[in-house]
Amino acid sequence: MKKLEQLYEGKAKKVFATDVENVCIVDYKDDATAFNGLKKGSIAGKGVVNNRMSNFLFKLLEAKGVPTHFVEEISDRETAVKKVEIVPLEVIIRNIAAGSFSKRYGVEEGTDLAVPTIEFSYKNDDLGDPLINDYHALALKLATWEEIDTIKKYAFKVNEVLKEYFDKIGVILVDFKLEFGRDRSNGGKIILADEISPDTCRLWDAVTKEKLDKDRFRRDLGNVEDAYNEMFARLGLDK
């Protein structure tokens, strides 16, 4: 597979065309941002952790019946993925109150939620990724009812699989963000895209409740690289 011209550069990744139809290469960067890009920095080795962790978890999810964009890991920082049209919804699953949920609803961080809950945000940096509901998404032609139902089904399945896996390695899955895309090579079928990493998940040590995710960068808690490397090690990816 040959890497061709760059198609896109986001906050955390670059995307390149390839000589294979409907396949791109994603290159993970060490750049870090928070608060919709207002805070910027760098986390040494983050690109390697996020790339390899995402691929490991995508393969786990594929085995459990969740289709993803993963094709092949090319290097520590690069992965071949199916070319998708991203559905402009950020899908957030929450198991424990934290972050904006705690602030919005006045719930103490760390409070177990009665049931896992789902939120949608309109993926639009200029608008600050505002919260929206199913009807907003339909009204704005962001997705169809069928797509929304499929996204919900897969999102809760991802939660079920990841919670069980992380529990085995002593990690609490507090909440996480997913993105989905329409698979161009398969009639627009909805599949999981983007990444699953300490950038997109809140991950706490099961015993100490130490944060092992990007909150260490957001909140200036220090030891950011150590937290990412700890997750890398717990997944057995450092061997």
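Higher on the page you've got the structure.
Here goes a summary of the coordinates provided. (Residues numbered from 1 in each chain as written. Predicted model: local features only at pLDDT ≥ 70, side-chain atom pairs only at ≥ 80, totals over all residues. Heavy atoms only, no water.)

A few points about the overall build of the protein chain
Next up, step 1: For the protein chain, the count of helices and strands is 6 helices and 14 strands.
Next up, step 2: The globule rule puts the C-alpha radius of gyration for 239 residues at 18 Å, and the 17 Å found for the protein chain is close to it.
Next up, step 3: For the protein chain, the spread of C-alpha atoms along the three principal axes comes to 50 × 45 × 35 Å.
Next up, step 4: The contacts in the protein chain between residues at least 6 apart in sequence include a share of 58% that link residues at least 24 apart.
Next up, step 5: Put simply, the protein chain has 38 plus and 43 minus side-chain charges, and the middle of one group is 1 Å from the middle of the other. (Helix = DSSP H or I, 4+ residues; strand = E, 2+ residues; numbered from the N terminus. Rg over C-alpha atoms; globule rule 2.2 N^0.38 Å. Contact = heavy atoms within 4.5 Å. Lys, Arg positive; Asp, Glu negative; His and termini not counted. Charge placed at Lys NZ, Arg CZ, Asp CG, Glu CD.)

Some thoughts on the nonpolar core
Next up, step 1: If you look at the biggest cluster of nonpolar residues, it comprises 49 residues, and the most contacted ones within it are V158, F166, L178, F180, L192, I196 and L203.
Next up, step 2: Sorting elements by how many residues they give to this core places helix α4 (residues 145-168) first, with 9 residues.
Next up, step 3: With residues up to four places along the chain from it excluded, the contact list for L192 reads F58, L61, V66, P67, T68, H69, V158, L178, E179 and F180.
Next up, step 4: With 5 residues, the next largest nonpolar core counts V15, C24, V26 and V81 among its residues. (Core = buried A, V, L, I, M, F, W, Y, C linked by side-chain atoms within 4.5 Å. Buried < 20%, exposed > 50% of the residue type's maximum accessible area, 1.4 Å probe, protein only.)

Quick notes on the packing of helix α1 (residues 46-63) against α4
Next up, step 1: Taken N-terminus to C-terminus, the directions of α1 and α4 make an angle of 115°; their axes are 10 Å apart at the nearest point. Classified by the angle their axes make, α1 and α4 are roughly perpendicular. Taken as a pair, α1 and α4 cross one another with a handedness that is right-handed. Across from M53, F56, L57, L60 and L61 in α1, the residues of α4 making contact are V158, V161, L162, Y165 and F166.
Next up, step 2: Split by residue class, the contact of α1 with α4 holds 10 nonpolar, no polar and no charged. (Axes fitted to C-alpha atoms, helices over the stretch in contact; angles between N-to-C directions. Parallel < 35°, antiparallel > 145°, perpendicular 65-115°, else oblique. Left-handed = near helix turned anticlockwise from the far one by under 90°. Nonpolar A, V, L, I, M, F, W, Y, C, P; charged D, E, K, R; others polar.)

Some points on the environment of L221
Next up, step 1: As for its placement among the helices and strands, L221 is situated in the loop between α5 (215-218) and α6 (224-234).
Next up, step 2: When sequence neighbours within four positions are dropped, the list of residues in contact with L221 reads K211, D215 and R216.

Quick notes on the packing of α1 against α6
The geometry of a pair of packed helices is captured by two quantities: the angle between their axes and the separation between those axes.
Next up, step 1: Direction vectors running N to C along α1 and α6 enclose 30°, while the axes themselves pass 10 Å from each other. On the basis of the axis angle, α1 is roughly parallel to α6. Crossing geometry of α1 relative to α6 is assigned as left-handed. Judged by residue contacts, K46, V48, V49, N50, R52 and M53 of α1 engage Y228, N229, M231 and F232 from α6.
Next up, step 2: The class makeup of the residues in the contact of α1 with α6 is 6 nonpolar, 2 polar and 2 charged.

Quick notes on the packing of aromatic side chains
For any two aromatic rings, the description comes down to two numbers: the centre-to-centre distance and the angle of the planes.
Next up, step 1: Overall, the coordinates contain 4 aromatic pairs when judged by the stated rule.
Next up, step 2: The interplanar angle of 65° and the centroid separation of 4.8 Å between the aromatic rings of F101 and Y105 together place this pair among those described as edge-to-face. Taken together, the residues span about one helical turn, with F101 and Y105 both in helix α2 (residues 99-105) at a distance of 4 residues.
Next up, step 3: The buried category is assigned to F101, whose relative accessible area is 12%.
Next up, step 4: Residue Y105 is classed as partly exposed on the basis of its relative accessible area, which comes to 48%. (Phe/Tyr/Trp six-rings, centres within 6.5 Å; stacked < 30°, edge-to-face > 60°.)

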